[in-house]
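Remarks on the overall topology
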Amino acid sequence: MNNLVEAVSSYVILFLSKNLSNELIFHNINHTYEVVAAAREIGTQCNLSDYEMLALEVAAWFHDCGYANTYLGHENASKKIAEIFLENYGCEKDFIETVLNCIESTKYPPKPSSLIEKVLCDADLYHLTRANYPKYEKALRREFETFLKLIYTDEEWLKKNCWFLSEHTYYSDFGQKVLSKFKETNIQMYCPK
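**Focus on the pattern of salt bridges**
In total, this model carries 7 salt bridges according to the counting rule given. Among the salt bridges present, the one from R141 reaches E145, with a minimum N-O distance of 3.7 Å. Taken together, the residues span about one helical turn, with R141 and E145 both in helix α7 (residues 133-148) at a distance of 4 residues. Look at R141 and you get buried, because its relative accessible area is 18%. With a closest N to O distance of 2.9 Å, D154 and R141 form a salt bridge. One end of the pair, D154, is in helix α8 (residues 154-167); the other, R141, is in helix α7, with 13 residues separating them in the sequence. On the accessibility criterion, D154 (57% relative accessible area) is exposed. Overlapping salt bridges, with partners in common, bring together K79, E104 and K107 in one network.

Structure (structure tokens):
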């Protein structure tokens, strides 16, 4: 299993490079890299076991592959891609199930139950804590316009965005104790009182 992450990352990088639309300016390969890095960071802080870290990292690599096929419901497409790869690789059913449950937990609204599901959900929304947060929300707004035909005025978008930032909660202890503080800074900077 030591080579699994290497095999998965090589496969996903090639898959996303070949198959993702250039119009995916938020859910692109950089987002996947960032989620994998965030998952490693949060998973380490949460003292996950080696097995949990392996499942988490594999799920992080695969979690948005489905965007190559569909925008809405991409999680189901991601799970299918992951399942086929992991079965062909010879992974055990329990491990595959753990990975697929992790990917499933990132559906909006997230419903993580296990710790690794909570970590992946936190990693997926790690960008809410970043100092360059406006770059992410602008990219997401453009994707919504392109793929969902959702057009917002600046005022509507600001309201929607601030509502999301305020209502969102991190799930892991690390997310609640550390990431929430950085997200709070962004709320204070970007959301009118």
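**Quick look at the side chain of N28**
Locating N28 in the fold gives a position in the loop between α1 (4-19) and α2 (29-45). We classify N28 as buried; its relative accessible area is 19%. Looking at N28, its side chain comes within polar contact range of the main-chain nitrogen of N30, at 3.1 Å.

**Some remarks on helix α3 (residues 50-62)**
An ideal rise of 1.5 Å per residue puts 18 Å on 13 residues; α3 measures up with 18 Å between its terminal C-alpha atoms. Buried residues dominate α3, accounting for 10 of its 13 residues. Buried within α3 are the following residues: M53, L54, A55, L56, E57, V58, A59, A60, W61 and F62. Where the residues of α3 are buried, they touch α1, α2, α4 (74-89), α5 (93-105) and α6 (115-124).

**Section: unusual backbone geometry**
Look at the link from Y108 to P109: it is a cis peptide, with omega at -5°. Among the structural elements, P109 can be located in the loop between α5 and α6. Positive phi outside glycine occurs at N47, with the angle close to 55°. On the secondary structure map, N47 appears in the loop between α2 and α3. A relative accessible area of 69% places N47 in the exposed class. Although it is not a glycine, K149 adopts a positive phi angle of roughly 60°. Structurally, K149 can be placed in the loop between α7 and α8.

**Concerning the packing of α1 against α2**
In the contact formed by α1 and α2, the axes pass within 10 Å of each other and the chain directions differ by 155°. Here α1 is positioned roughly antiparallel relative to α2, judged by the angle of their axes. Two secondary-structure elements touch here, α1 through V12, I13, L16 and S17 and α2 through I29, T32 and Y33. Here the contact of α1 with α2 is composed, by residue class, of 5 nonpolar, 2 polar and no charged.

**Digging into the environment of C46**
With respect to the element layout, C46 can be found in the loop between α2 and α3. Sequence separation between C46 and I96 is 50 residues; the distance between their C-alpha atoms is 22 Å. Excluding residues within four positions of it along the chain, C46 makes contact with L115, V119, S172 and F174.

**So, the nonpolar core**
Ranked by internal contacts, the top residues of the largest apolar core, which has 60 residues, are L4, V8, V58, F62 and L86. Leave out the neighbours within four places in its chain, and F62 touches V8, Y11, V12, S78, I81, A82, F85, L86 and I103.

**Side note on the side chain of H127**
Structurally, the position occupied by H127 is in the loop between α6 and α7. Setting aside its immediate chain neighbours within four residues, H127 contacts F26, Y133 and Y136.

Definitions and cut-offs
Residues numbered from 1 in each chain as written. Predicted model: local features only at pLDDT ≥ 70, side-chain atom pairs only at ≥ 80, totals over all residues. Heavy atoms only, no water. Salt bridge = Lys/Arg side-chain N within 4 Å of Asp/Glu carboxyl O. Helix = DSSP H or I, 4+ residues; strand = E, 2+ residues; numbered from the N terminus. Buried < 20%, exposed > 50% of the residue type's maximum accessible area, 1.4 Å probe, protein only. Polar contact = N/O pair within 3.5 Å; in protein donor to acceptor, adjacent residues only side chain to side chain. Expected span 1.5 Å × (residues − 1). Contact = heavy atoms within 4.5 Å. Axes fitted to C-alpha atoms, helices over the stretch in contact; angles between N-to-C directions. Parallel < 35°, antiparallel > 145°, perpendicular 65-115°, else oblique. Nonpolar A, V, L, I, M, F, W, Y, C, P; charged D, E, K, R; others polar. Core = buried A, V, L, I, M, F, W, Y, C linked by side-chain atoms within 4.5 Å.

In short, shape yes, function no, at least from these values alone.
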